[in-house]
Amino acid sequence: MSFIGFIKSKEFLKQIIIAIIAVVVIVFLLLKWLNVTTNHGTFETVPDLTGKSIEVAKMELEQNNLVMQIQDSANFNPNYPKFAVIEQDPKPNAQVKENRKIYITLNPSGYRKVAVPDLRQRTFRQAKPTLEALGFKVGKKTYIDNIAKDMVLGMRYKGKVLDPGTKLPKTASIDLVLGNGNR
């Protein structure tokens, strides 16, 4: 019997039909099994955790069969309490499967600390944008006798002399001692 004759035979046709039926039955059973094991069509709603403490957020997620995953704390936001949730992913009211990880970002305990640059012997015009770029605020300007007008001669924080490299919280107000142009 030749190959073409075998393909045209009833026995070959019967085997092809049996194979197709077997594949359809296996796919049908596999899809039913997936529906049962993945809880197809059942979802949990993500609660809004913004502004809540970490303990309250954990309790709410456990009540909704969700898992909390804390991400690194972000920049300090004074509008929220310390260690409160400021962001979450997925967003509130999203539909997710149970035991899904909800990633939350916490508000740190305060502004991060930044090293104070050495601004001595620089003009006020140079010093101000340098401080502001680092997140500091320019506080009071005090003038003393010095030939260099508006030259930074010293820095102070809360009345104390400030050395370059000292770490201060971001948004701290730094007072500058400047020359007044007199001998």
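Residues numbered from 1 in each chain as written. Predicted model: local features only at pLDDT ≥ 70, side-chain atom pairs only at ≥ 80, totals over all residues. Heavy atoms only, no water.

Caption draft 1: Spotlight on the pairing of strand E11 (residues 173–179). Taken across its seven residues, E11 has six buried, putting it largely inside the fold. Bridge count for strand E7 (residues 137–144) against E11 is six bridges, and the pairing is parallel. Following the sheet pairing, Lys137 is matched in E11 by Ser173. Across four bridges, the pairing between strand E8 (residues 152–157) and E11 is antiparallel. Bridge pairing in E11 places Gly154 opposite Val177. (Buried < 20%, exposed > 50% of the residue type's maximum accessible area, 1.4 Å probe, protein only. Helix = DSSP H or I, 4+ residues; strand = E, 2+ residues; numbered from the N terminus. Pairing = 2+ DSSP bridges.)

Caption draft 2: Structural context of helix H2 (residues 10–37). When the terminal C-alpha atoms of H2 are compared, their 41 Å separation across 28 residues agrees well with the 40 Å that a helix rising 1.5 Å per residue should span. Where H2 ends, the next residue or the one after it, Asn39, has phi of about 50 degrees, a positive value. (Expected span 1.5 Å × (residues − 1).)

Caption draft 3: Local environment of the pairing of E8. Relative to strand E9 (residues 160–161), E8 is paired through two bridges, and the arrangement is antiparallel. The residue bridging Tyr157 from the neighbouring strand is Lys160, located in E9.

Caption draft 4: Spatial organisation of the sheet that holds E9. Judged by pairing direction, the sheet is mixed, and its four strands sit side by side in the order E7-E11-E8-E9 without closing on themselves. The open sheet terminates on both sides in strands that have one partner only, identified here as E7 and E9.

Caption draft 5: Spotlight on the nonpolar core. Phe136, Met155, Leu168, Ile174 and Leu176 are the most contacted members of the largest nonpolar core, which has 16 residues in total. The set of elements that each furnish at least two residues to this core consists of helix H4 (124–133), E8 and E11. With near-sequence residues (within four places) excluded, Ile174 lies in contact with Val116, Leu131, Phe136, Lys137, Val138, Gly139, Met155, Arg156, Leu162 and Leu168. Counting 11 residues, the second-largest nonpolar core is a separate cluster that includes Leu61, Met68, Val85 and Ile104. (Core = buried A, V, L, I, M, F, W, Y, C linked by side-chain atoms within 4.5 Å. Contact = heavy atoms within 4.5 Å.)

Caption draft 6: Representation of the confidence of the model for the protein chain in the model. Per-residue confidence for the protein chain averages 89 on the pLDDT scale, and 99% of its residues sit at or above 70. Looking at the elements of the protein chain, mean pLDDT is at its lowest for helix H1 (residues 3–7), recorded as 81, and at its highest for E11, recorded as 94. (pLDDT = per-residue confidence, 0-100.)

Caption draft 7: A look at helix H3 (residues 54–63). Taken together, the buried positions of H3 are occupied by Ala57, Glu60 and Leu61. Buried residues of H3, seen end-on, are gathered within an arc of 100 degrees and therefore sit on one face of the element. In H3, those exposed residues whose orientation departs by more than 90 degrees from the buried face are Glu55, Met59, Glu62 and Gln63. The secondary structure elements touched by the buried residues of H3 are strand E2 (67–70), strand E3 (85–89) and strand E5 (101–106). (Arc of directions from axis to C-beta.)

Caption draft 8: Main features of a nonpolar patch on the surface. Together, Leu13, Ile17, Ile21, Val25, Phe28 and Leu29 make up an exposed nonpolar region whose accessible area comes to about 600 Å². Locating Leu29 in the fold gives a position in helix H2. (Patch = residues over 30% accessible without salt bridge, like charges linked within 9 Å, V, L, I, M, F, W, Y side chains within 5 Å. Areas by Shrake-Rupley, 256 points an atom, 1.4 Å probe, with all protein chains shown as cover. Salt bridge = Lys/Arg side-chain N within 4 Å of Asp/Glu carboxyl O.)

Caption draft 9: Representation of the environment of Leu119 within the structure. Mapping Leu119 onto the fold places it in the loop between strand E6 (113–115) and H4. The spatial distance from the C-alpha of Leu119 to the C-alpha of Val177 is 11 Å, given a sequence separation of 58 residues. Residue contacts for Leu119: discarding those within four places in its chain leaves Ala127, Thr130, Leu131, Val152 and Met155.

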